[in-house]
Amino acid sequence: KLQELVKSLQTEMEDLKKNHVSANKVLHIEVDEVRQGLSTCQENLVDKETKYETEIQTLNSKIDKLTKNEKRVKDLRIKLSSMGEEFETNKKALRSVQDKYHDSREEVTKLDRELRTMHHKARQTYFNTTLVKEDSIKFFHRSVDSSIYFVEDLVANPKVKSYFGKVSNVLGDKL
């Protein structure tokens, strides 16, 4: 019985060894598959981590750009507000200048009208003065000419000569 038992144990042992070898083979195959799977997972994980880091960097870059753009938009809004105030100031100044221009144009028009009136009056006065002067000169010339002719006629008259001769003798005695 012992021998049978030893034999049975030996058989079982051999079966166990066979099972163990076969289990080891299966286990090695499974371990290899697990290692390959683990290696693939690790590679995938590294790829995904790289992609994740790249995406994080891209997002951080976009966030930085967005922050810069927000700051720029804020600065532009402030500048726009300032320019709006400056525009309103310039608009008021323009209206003021336009009003002054309009007033100046009215003043120039008024002065032009006055100048034309003064020019017209001056022409009339000059014309009238010139006519009076010319008339006076003509009258003087006519009067002088008439007086000369009158005196010549008088001097040529024998009665007048004798009268002036007597007058000059009387006056000569008194002088």
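Presented here is a report on the structure given in the accompanying data block. None of the values given here were measured: they were computed from a predicted structure. (Residues numbered from 1 in each chain as written. Predicted model: local features only at pLDDT ≥ 70, side-chain atom pairs only at ≥ 80, totals over all residues. Heavy atoms only, no water.)

### As for the overall build of the chain
Then step 1. Summing up its helical and strand segments, the chain has 2 helices and 0 strands in all.
Then step 2. Taking all 175 residues of the chain together, the buried fraction comes to 1%.
Then step 3. Of the roughly 16900 Å² of accessible surface on the chain, a fraction of 60% belongs to carbon and sulfur atoms. (Helix = DSSP H or I, 4+ residues; strand = E, 2+ residues; numbered from the N terminus. Buried < 20%, exposed > 50% of the residue type's maximum accessible area, 1.4 Å probe, protein only. Areas by Shrake-Rupley, 256 points an atom, 1.4 Å probe, with all protein chains shown as cover.)

### Description of the pattern of salt bridges
Then step 1. Inspection of every chain in the model, using the stated rule, returns 1 salt bridge.
Then step 2. Of the charged contacts, one joins Arg116 and Asp112 as a salt bridge, the two residues approaching to 3.1 Å between their closest N and O atoms. Of this pair, Arg116 and Asp112 are both found in helix α1 (residues 2–156), 4 residues apart, which corresponds to roughly one turn of the helix.
Then step 3. When its relative accessible area of 59% is taken as the criterion, Arg116 is described as exposed. (Salt bridge = Lys/Arg side-chain N within 4 Å of Asp/Glu carboxyl O.)

Worth remembering: the numbers are spatial, not functional.
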